[in-house]
Amino acid sequence: MANETRNLHRSRGRRDGLALRAAVANPPAEIGEDAAVEAVLAGERRATLVRALRSLPVKDREVIVCRFFLDLSEDETVTMLGWPRGTVKSRTSRALAKLRGLLDVAEVRRG
């Protein structure tokens, strides 16, 4: 449990640093119609991603969340999930392929 807490704290620090670097690199533009449209589109993309993620099997969802949402390294994911390294690698690859397929289908449905 202590390791999980340390891992989450470490990954949160990386995410916060990334957000700060992105904000400095791309200062907010003047709020206007374009910003509102972009916000709506970003919300739709996020909702589509969450729906696709929820439709994945639990183990696929776990590895995607650890690697990309919590920004854990491969080693941290191995520790967090208690899986062998090879399993983390193969499941990450397969889960990403499934997620891409689901997102492609969602994009086709939207037109």
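Rules used throughout
Residues numbered from 1 in each chain as written. Predicted model: local features only at pLDDT ≥ 70, side-chain atom pairs only at ≥ 80, totals over all residues. Heavy atoms only, no water. Helix = DSSP H or I, 4+ residues; strand = E, 2+ residues; numbered from the N terminus. Buried < 20%, exposed > 50% of the residue type's maximum accessible area, 1.4 Å probe, protein only. Contact = heavy atoms within 4.5 Å. Areas by Shrake-Rupley, 256 points an atom, 1.4 Å probe, with all protein chains shown as cover. Salt bridge = Lys/Arg side-chain N within 4 Å of Asp/Glu carboxyl O. Axes fitted to C-alpha atoms, helices over the stretch in contact; angles between N-to-C directions. Parallel < 35°, antiparallel > 145°, perpendicular 65-115°, else oblique. Left-handed = near helix turned anticlockwise from the far one by under 90°. Phe/Tyr/Trp six-rings, centres within 6.5 Å; stacked < 30°, edge-to-face > 60°. Lys NZ or Arg CZ within 6 Å of the ring centre and 35° of its normal. pLDDT = per-residue confidence, 0-100.

(A) Seen up close, the overall build of the protein. When helices and strands are counted, the protein shows five helices and zero strands. Going residue by residue from the N terminus, the α and β elements of the protein occur as α-α-α-α-α. Counting over 111 residues, the protein shows a buried share of 20%. Of all intrachain contacts in the protein linking residues separated by at least 6 positions in sequence, the fraction that spans at least 24 positions is 62%. Accessible surface for the protein amounts to roughly 8,000 Å². Of this, 59% is attributable to carbon and sulfur atoms.

(B) Layout of the pattern of salt bridges. A full pass over the atoms with the stated rule returns four salt bridges. The partner of Asp 60 in a salt bridge is Lys 98, with the nearest N and O atoms 2.6 Å apart. Of this pair, Asp 60 sits in helix α3 (residues 58–69) while Lys 98 sits in helix α5 (residues 85–110), and the two are 38 residues apart along the sequence. Notably, a salt bridge pairs Glu 74 with Arg 85, separated by 3.3 Å at the nearest N-O pair.

(C) Region of the structure containing helix α4 (residues 74–81). Among all positions in α4, only Glu 76, Thr 77, Val 78, Met 80 and Leu 81 are buried. One or two positions beyond α4, positive phi appears at Gly 82, with a value near 70 degrees.

(D) A look at the packing of α3 against α4. As a packed pair, α3 and α4 sit with axes 9 Å apart at the nearest point and diverge in direction by 135 degrees. When the interaxial angle is binned, α3 and α4 end up oblique. You can see that α3 and α4 cross each other, and the crossing is right-handed. Mapping the contact onto sequence places Glu 62, Val 63, Cys 66 and Arg 67 in α3 and Glu 74, Thr 77, Met 80 and Leu 81 in α4.

(E) Up close: the side chain of Thr 77. Locating Thr 77 in the fold gives a position in helix α4. Residue Thr 77 is classed as buried on the basis of its relative accessible area, which comes to 0%. Excluding its chain neighbours within four sequence positions, the residues that come into contact with Thr 77 are Val 63, Cys 66, Arg 67, Leu 72, Gly 82 and Val 88.

(F) Spotlight on the packing of aromatic side chains. A complete count under the given rule lists zero aromatic pairs for this structure. For the cation-ring pair, Arg 91 lies above Trp 83, with the distance from its terminal atom to the ring centre recorded as 5.3 Å.

(G) Structural view of the confidence of the model for the protein. The predicted model of the protein has a mean per-residue pLDDT of 80, with 68% of residues at 70 or higher. Mean pLDDT across the elements of the protein ranges from a minimum in helix α1 (residues 2–25), with 58, to a maximum in α4, with 95.

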